[in-house]
Amino acid sequence: MHVAETANNAMPTKIYGRITACRSCGCGELVSILDLGKQPLANALLEPDSLAVSEPLFPLEVVLCMECGLLQVSEDVAPEILFGQDYPYYSSFIPALLIHSRSHALDLMDERHLGEDDLVVEIASNDGYLLKNFVENRVPVLGIDPAKGPAEAAIAIGVPTLIDFFGARVAKKLVEEGRSASVMLANNVLAHVNDINDFIEGFAILLAEDGVAEFEFPYVRDLVETCAFDTIYHEHVFYYSLAALEPLFGRHGLYLNDAKKLEIHGGSLRLRVSKKQGKTAVLQQLQTDEERLGLNGADYYQSFGRHVQQLRQDLRIMLQDIRANGKTIAAYGAAAKGATLLNYADLPDDTIAFVVDRNTHKVGKLMPGVRLPIKPVDVLDASPPDYLLILPWNFADEIVSQQKAFHDHGGIFLKAVPHPQRLEIAR
Ligand SMILES: [Zn+2]
C-alpha cells in the first residue's frame, strides 16, 4: 500500500495499493487498457470551506487479465476510505427502479412457484425496495446489507434484514441455522465487491441445490459500445463480460444458465446462475456475439482505450474553441460520471465556469478534483452561460426538455459521450 498524493501536496493521509494479480483468477499478467490519471473519489463532493484542505487523489486505471479476460481497476482503495463517506442512497426514491423491481419479483414468484416454504435472499437489499414485493405475497425473505440506515428502513417496513457484508462467512452461519435459499438476488453489487471469490462462494454455500441466483450489473459491452468511460470510478472495481464471469462462477460450482439485456442504468445484464448446467438460446447467442466481437481478448478493449483518448482530445478542442470565441460554458449535473470526465479532461481553469444541479444537497459544494462550484439550476435563468455541457449524457433528453427556456433564449447544449458534440434541437 502506498500513501496517496494529495491535491495541494499537504500531509499525505490515505492509502491505496496496486494489484499484482487478477482478483478473480489470480493470474499476474495484467495489461493496461485505459489510464484516467490521478482522480479523487468521484462521489466525494467538497465543502466550500475545505478548499485549503488536501484532497486525496488515487490512480484510476483499468487493466485486463490476460487469463480470464476480466476488466478491473488497477488499485485497491481501502474500503473505509471508499465507503466511509456518508452518502445514504435509498432505492425507494427512484420510481423507475421500483417499477423494474416489482415486475422482476412478480415474474420470479410466478415462474418459481414461490410460497411459504421458500426463502428469497437479497444481497445489497438496501431499504427493502425489492423484497417487500415478496413479503406482500407471504414469501419469506432475508435482506443482507452493511448500510445501517437503509437496512433499518427495510426492517421498519417488515423486511427482515441482516446488517453485514455478505460472503462465505455469513453464508455458512445461515446454513448452520438451517437456512437455504430458493432464490438469491444481487443487483448492482457484483461490480463493487473486491473479494469477488469470497462473495461468489457465499452464493454457492447458501443456494439450495435446485435454487437460482440472479445478478444485475452493468455490461462491459455496453460500456465499450457507448464509450461510457465516465462510469469508471474507484467504487466500480469490475467491468464484466460473460466470458470473464463463466470461469469465476465455475470455480465455485455454479453455472451460467440465462442472461437478459436490460435498458436500466444505460445497459445492464441480468444473469441467472445455478448448480445445474444448461444454457438458454439467448445466453448462447450473447456468448457467441462476445466471441465474434473479441470480448475475451485485449484488442477489443485497447481499441476502446484509444477511442477514449480521442474523445478527450476532441472535447478539449471543442471547449477551447468556444472559449476562444469569448463564449461562456457551464456544466449540468454534479454526479460521479461528471467528476470522472472533468478530471480526466484536465481543462484549463477558466474553461467551465460552474456546474448546476437540481439536488439541493449538492448546491454550494464543489466538484471533487476540479473544484468547480455547484450552483442551483435557477442560475441558468438569472445569468445563463452560452453553452451547457450535459454531464449525465444518459439523461440528456430529459435535461434538454426540462431546460427548454435555456434553449429558447439561445443557449446551446453540448455532450461529451459517446463523442463530443453540439445537440441539434428544433426551435
Ligand atoms: Zn483473471
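Residues numbered from 1 in each chain as written. Predicted model: local features only at pLDDT ≥ 70, side-chain atom pairs only at ≥ 80, totals over all residues. Heavy atoms only, no water.

A. Structural context of the packing of helix α10 (residues 298-324) against helix α11 (residues 336-345). Taken N-terminus to C-terminus, the directions of α10 and α11 make an angle of 75°; their axes are 10 Å apart at the nearest point. Classified by the angle their axes make, α10 and α11 are roughly perpendicular. Facing α10, whose interface residues are Val308, Gln309, Arg312, Leu315 and Arg316, α11 presents Leu341, Tyr344 and Ala345. Partitioning the contact of α10 with α11 into residue classes produces 5 nonpolar, 1 polar and 2 charged. (Axes fitted to C-alpha atoms, helices over the stretch in contact; angles between N-to-C directions. Helix = DSSP H or I, 4+ residues; strand = E, 2+ residues; numbered from the N terminus. Parallel < 35°, antiparallel > 145°, perpendicular 65-115°, else oblique. Contact = heavy atoms within 4.5 Å. Nonpolar A, V, L, I, M, F, W, Y, C, P; charged D, E, K, R; others polar.)

B. The arrangement of the coordination of the zinc ion in detail. Protein coordination at the zinc ion: the donors are Cys22 (SG), Cys25 (SG), Cys65 (SG) and Cys68 (SG), at 2.3 to 2.4 Å from the metal. Geometry at the zinc ion is tetrahedral, judged from its 4 donor atoms and the angles of 99 to 117° they form at the metal. Here the donor residues of the zinc ion are spaced in sequence according to C-x2-C-x39-C-x2-C. Taken together, the positions of Cys22 in the loop between β3 (15-18) and β4 (30-39) and Cys65 in strand β5 (residues 56-65) put the pair 43 residues apart, joining distant regions of the chain. (Donors = N, O, S within 2.8 Å, 3.2 Å for Na, K, Ca; no water. Tetrahedral: all angles 85-135°; square planar, octahedral: opposite > 155°, others 65-115°.)

C. Looking closely at empty space enclosed by the protein. Under the definition given, this model contains 1 cavity of 30 Å³ or more. Approximately 30 Å³ is the volume attributed to the largest cavity. Here the lining of the largest cavity takes 3 residues from strand β7 (residues 75-77), the largest share from any one element. Class assignment of the residues belonging to the lining of the largest cavity gives a composition of 4 nonpolar, 2 polar and 3 charged. Of the residues that make up the lining of the largest cavity, three or more belong to each of domain 1 (2-75) and domain 2 (91-301). (1 Å grid on protein atoms, 1.4 Å probe; cavity = no way out; pocket = protein on both sides within 12 Å on 5 of 7 lines; lining within 4 Å. Points joined across faces, edges and corners; volume = space filled by probe spheres on them. Domains from an automatic or database assignment.)

D. Seen up close, the side chain of Ser24. Residue position: Ser24 is located in the loop between β3 and β4. Excluding anything up to four places from it in sequence, Ser24 contacts Cys68, Leu70, Ile196, Asn197, Leu248 and Arg251.

E. Broad picture of the sheet that holds strand β21 (residues 421-422). Here 6 strands make up an open sheet; going across it, the order is β18-β17-β16-β19-β20-β21 and the pairing mixed. Each edge of the open sheet is held by one strand with a lone partner, namely β18 (374-376) and β21. Sheet topology note: the strand β16 (residues 329-332)/strand β19 (residues 387-390) ladder contains 4 bridges and is parallel. Bridge pairing links Ala330 to Leu388 in β19. Its contacts with the sheet put α10 on β16, β19, β20 (412-415) and β21, and the angle it makes with β20 is roughly 155°. (Pairing = 2+ DSSP bridges.)

F. Summary view of the confidence of the model for the protein chain. Model confidence for the protein chain is summarised by a mean pLDDT of 91, while 93% of its residues fall at 70 or above. Here residues 1-12 scores under 50 on pLDDT; set against residues more than four positions off or in separate chains, the count is 34 contacts. (pLDDT = per-residue confidence, 0-100.)

G. How the structure looks around α10. For α10, with 27 residues, the first-to-last C-alpha span of 39 Å sits near the 39 Å given by 1.5 Å per residue. Those residues of α10 that sit buried are Ala298, Tyr300, Tyr301, Phe304, Gly305, Val308, Leu311, Leu315, Met318, Leu319 and Ile322. (Expected span 1.5 Å × (residues − 1). Buried < 20%, exposed > 50% of the residue type's maximum accessible area, 1.4 Å probe, protein only.)

H. Spotlight on the state of the cysteines. Under the definition given, this model contains 0 disulfides. Cysteine Cys27 remains unbridged, with the sulfur of Cys65 as its closest cysteine sulfur at 4.4 Å. (Disulfide = S-S within 2.5 Å.)

I. Examining the pattern of salt bridges more closely. According to the stated counting rule, one finds 23 salt bridges in the structure shown. As a salt-bridge pair, Glu111 and Arg272 come within 2.9 Å of each other at their nearest N and O atoms. Separated by 161 residues along the polypeptide, Glu111 in helix α2 (residues 95-112) and Arg272 in strand β15 (residues 268-274) bring together distant segments of the chain. A relative accessible area of 12% places Arg272 in the buried class. For the salt bridge of Arg292 with Asp289, the shortest nitrogen-to-oxygen distance reads 3.4 Å. A residue pair is termed a helical-turn pair when its members lie 3 or 4 positions apart in one helix, as Arg292 and Asp289 do in helix α9 (residues 281-293) at 3 residues. For Asp289, a relative accessible area of 13% puts it in the buried group. (Salt bridge = Lys/Arg side-chain N within 4 Å of Asp/Glu carboxyl O.)

J. Local environment of the sheet that holds strand β8 (residues 120-123). With respect to topology, 7 strands assemble into an open sheet ordered β10-β9-β8-β11-β12-β15-β14, the strand pairing being mixed. Looking at the sheet topology across the chains shown, the edges are occupied by β10 (161-162) and β14 (255-262). Where β8 and strand β9 (residues 141-144) come together, 4 bridges link them in parallel fashion. Bridging across to β9, Val120 finds its partner in Val141. Against the sheet, helix α6 (residues 196-206) engages β8, β11 (181-187) and β12 (207-218), with an angle of about 150° to β12. Most of the contacts of helix α8 (residues 242-250) go to β15, to which it runs at about 25°, and overall it touches β12, β14 and β15.

K. Focus on the domain arrangement of the protein chain. In terms of domains, the protein chain is made up of domain 1 (2-75), domain 2 (91-301) and domain 3 (305-422). Spacing between the C-alpha centres of domain 1 and domain 3 amounts to 24 Å. Facing 20 residues of domain 1, the contacting portion of domain 3 comprises 17 residues. Taken together, the two surfaces of domain 1 and domain 3 that pack against each other cover about 1500 Å², and 64% of this comes from carbon and sulfur. With a closest N to O distance of 3.2 Å, Arg371 and Glu55 form a salt bridge. The interface formed by domain 1 and domain 3 includes 5 residue pairs in polar contact (both at pLDDT 80 or more). Here the side of domain 1 that touches domain 3 gets 5 residues from one element, more than from any other, and that element is β4. For the side of domain 1 that touches domain 3, the class distribution of residues is 14 nonpolar, 3 polar and 3 charged. (Buried area = accessible area lost by both parts, 1.4 Å probe. Polar contact = N/O pair within 3.5 Å; in protein donor to acceptor, adjacent residues only side chain to side chain.)

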